[in-house]
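Okay, here's what each chain looks like letter by letter:
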Amino acid sequence: MPIAHLLTTKDLSDQGLQALLRESNAIVPHLGHRHDLTYTLPGRNIALVFFEPSTRTRLSFETAAHRLGASTALFQPAGSSIEKGETFLDTIQTIDAMRFDALVIRHGLDGTQAEIAATVSVPVISAGEGTKAHPTQGLLDASTLLEQFGTLEGLRIVIVGDVRHSRVARSQVDVCSRLGAEVAICAPESLMPREPEFIDGLRRFSNVDEALDWCSVVSVLRLQRERFVDVEVNDLEAYRRDFTITRSRLERNPDMRMIHPGPVNPGVEIDHGLIQHHQSLVHRQVTHGVAMRMAVISRMLSNPASIIRT
Ligand code: CP
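About the criteria used
Residues numbered from 1 in each chain as written. Predicted model: local features only at pLDDT ≥ 70, side-chain atom pairs only at ≥ 80, totals over all residues. Heavy atoms only, no water. Helix = DSSP H or I, 4+ residues; strand = E, 2+ residues; numbered from the N terminus. Polar contact = N/O pair within 3.5 Å; in protein donor to acceptor, adjacent residues only side chain to side chain. Contact = heavy atoms within 4.5 Å. Phe/Tyr/Trp six-rings, centres within 6.5 Å; stacked < 30°, edge-to-face > 60°. Buried < 20%, exposed > 50% of the residue type's maximum accessible area, 1.4 Å probe, protein only. Near = heavy atom within 4 Å. Areas by Shrake-Rupley, 256 points an atom, 1.4 Å probe, with all protein chains shown as cover. Nonpolar A, V, L, I, M, F, W, Y, C, P; charged D, E, K, R; others polar. Pairing = 2+ DSSP bridges. Right-handed = clockwise from strand over helix to strand, strands pointing away. Axes fitted to C-alpha atoms, helices over the stretch in contact; angles between N-to-C directions. Parallel < 35°, antiparallel > 145°, perpendicular 65-115°, else oblique. Left-handed = near helix turned anticlockwise from the far one by under 90°. Salt bridge = Lys/Arg side-chain N within 4 Å of Asp/Glu carboxyl O.

S.K.: Is there a simple way to explain the side chain of Thr-9 in this structure?
M.R.: In this fold, Thr-9 is placed in the segment before helix H1 (14–27). Here Asp-174 takes part through its side chain, which lies 2.6 Å from a polar atom of the side chain of Thr-9. With near-sequence residues (within four places) excluded, Thr-9 lies in contact with Pro-135, Leu-139, Ser-171, Asp-174, Val-175 and Arg-178.

In structure tokens, the structure reads:
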């Protein structure tokens, strides 16, 4: 039987997607109550392998594992034998030989997760891969919106900013569309994605005010300068004028809600202080991140066939 991996949200069956949302939303009210810890995975051990920086994803996977009774071990390249010349593949095979129950992996290059999955002996759960996919982020965003709106059926979501380099956008589009939302993208031409399989069927806006008039949810993305190949935004002032989610743009539609995967660069893609705005769900997303990762780890370690497409 092949090992089941969660590398993109497309790996999830529709039934699996619904199960994770249901389980995550059932966990959320119990977070913060120490008597409600659910030790369903005692004695299990998960490697957190982070080749890229992270705050939210790493800490929430770690917290999720601990709340389930599993232990974790963290690998980061700085301070590892990679600095002595050990190759990427040797590093992965060394970690795999320690017999963890699952590997949670973040890597900045597209294609690495599939390469890793092909060589290891346990399930791989992606914690973000290049520009390709960030499955648990897409899932936790959907679960946050589900809590807020009750359903995603017919919900209008516009993703604003650096869509071209965004793994979050790719996972959000897949999950939210499958749940019945109408998803649009809004970006300057230089930050519009190029792949037809991603953009076909998506409504596109070049004017952020028109996009905000259309939507109920704005999903804001930061400029991912670490992924810029050429200078894709060389006029930051023009970007701020045309695409930044300002307080007045947000408040013009009081029923609209704002999400952002973080990290946020205030003053660039959104105004300073807007994370705390009552129309912002950013901190709620972080809470849902713990619950969703509990649901994902739980299923991937106990019954992956119940959520992963065969
Ligand atoms: N949203 C997200 O992936 O944040 P981190 O990079 O802090 O994990």
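S.K.: What is the right way to look at the packing of aromatic side chains in this model?
M.R.: Each pair of aromatic rings is reported with the distance of its centres and the angle of its planes. Following the criterion strictly, the structure yields four aromatic pairs and no others. Seen in terms of ring centroids, Phe-51 and Phe-75 are 5.5 Å apart; in terms of plane orientation they differ by 55°. Their pairing is tilted. Of this pair, Phe-51 sits in the loop between strand S1 (45–50) and helix H2 (56–67) while Phe-75 sits in strand S2 (residues 71–75), and the two are 24 residues apart along the sequence. Judged by relative accessible area, Phe-51 falls into the buried class, the value being 18%. Each member of the aromatic cluster is reached from another via a ring pair, and the members are Phe-51, Phe-75 and Phe-88.

S.K.: What is the right way to read the site of the ligand from this model?
M.R.: If you check the shell around the ligand, you find Ser-54, Thr-55, Arg-56, Thr-57, Arg-106, His-134, Gln-137, Pro-261 and Gly-262 and nothing else. A distance of 2.6 Å separates an oxygen atom of the ligand from a polar side-chain atom of Thr-57. Gly-262 places a polar main-chain atom, nitrogen or oxygen, 3.2 Å from a nitrogen atom of the ligand. Surface burial for the ligand is 93%, taken as the share of its 260 Å² of free accessible area covered by protein chains. A class-by-class count of the residues in the shell around the ligand yields one nonpolar, six polar and two charged.

S.K.: Looking at this structure, I do not really get the pairing of strand S5 (residues 156–160). What am I missing?
M.R.: Each regular strand displays side chains that alternate between the two surfaces of the sheet. Where burial is concerned, most of S5 is hidden: four out of the five residues are buried. The pairing of S5 with strand S6 (residues 182–186) spans five bridges and is classified as parallel. Each residue of the ladder has a partner; that of Val-160, found in S6, is Cys-186. Once the chain exits S5 it traverses helix H6 (residues 167–178) before rejoining the sheet at S6, and the crossover so formed is right-handed. Where S5 and strand S8 (residues 217–220) come together, four bridges link them in parallel fashion. Bridging from a neighbouring strand, Ile-157 pairs with Val-217 of S8.

S.K.: I tried to follow the packing of helix H5 (residues 135–149) against H6 on my own but got confused; where do I start?
M.R.: Each pair of packed helices can be described by the angle between their axes along with the distance between the axes. The N-to-C vectors of H5 and H6 enclose an angle of 50°; their axes lie 8 Å apart at closest approach. In this view, H5 runs oblique relative to H6, as classed from their interaxial angle. Our pair here, H5 against H6, has a crossing hand that is right-handed. Judged by residue contacts, Pro-135, Gln-137, Gly-138, Leu-139, Asp-141 and Ala-142 of H5 engage Val-168, Ser-171, Gln-172 and Val-175 from H6. Grouping the amino acids of the contact of H5 with H6 by side-chain chemistry returns five nonpolar, four polar and one charged.

S.K.: Looking at this structure, I do not really get the pattern of salt bridges. What am I missing?
M.R.: Should their charged atoms come close, side chains of opposite charge can pair. Following the criterion strictly, the structure yields 17 salt bridges and no others. A salt bridge links Arg-178 to Asp-174; its shortest N-O distance comes to 3.2 Å. With a gap of four residues between them, Arg-178 and Asp-174 both fall in helix H6, about one helical turn apart. A salt bridge links Arg-241 to Asp-242; the nearest nitrogen and oxygen atoms lie 3.1 Å apart. According to the relative accessible area criterion, Arg-241 is exposed, its value standing at 55%.

That is the geometry; function is a separate question.
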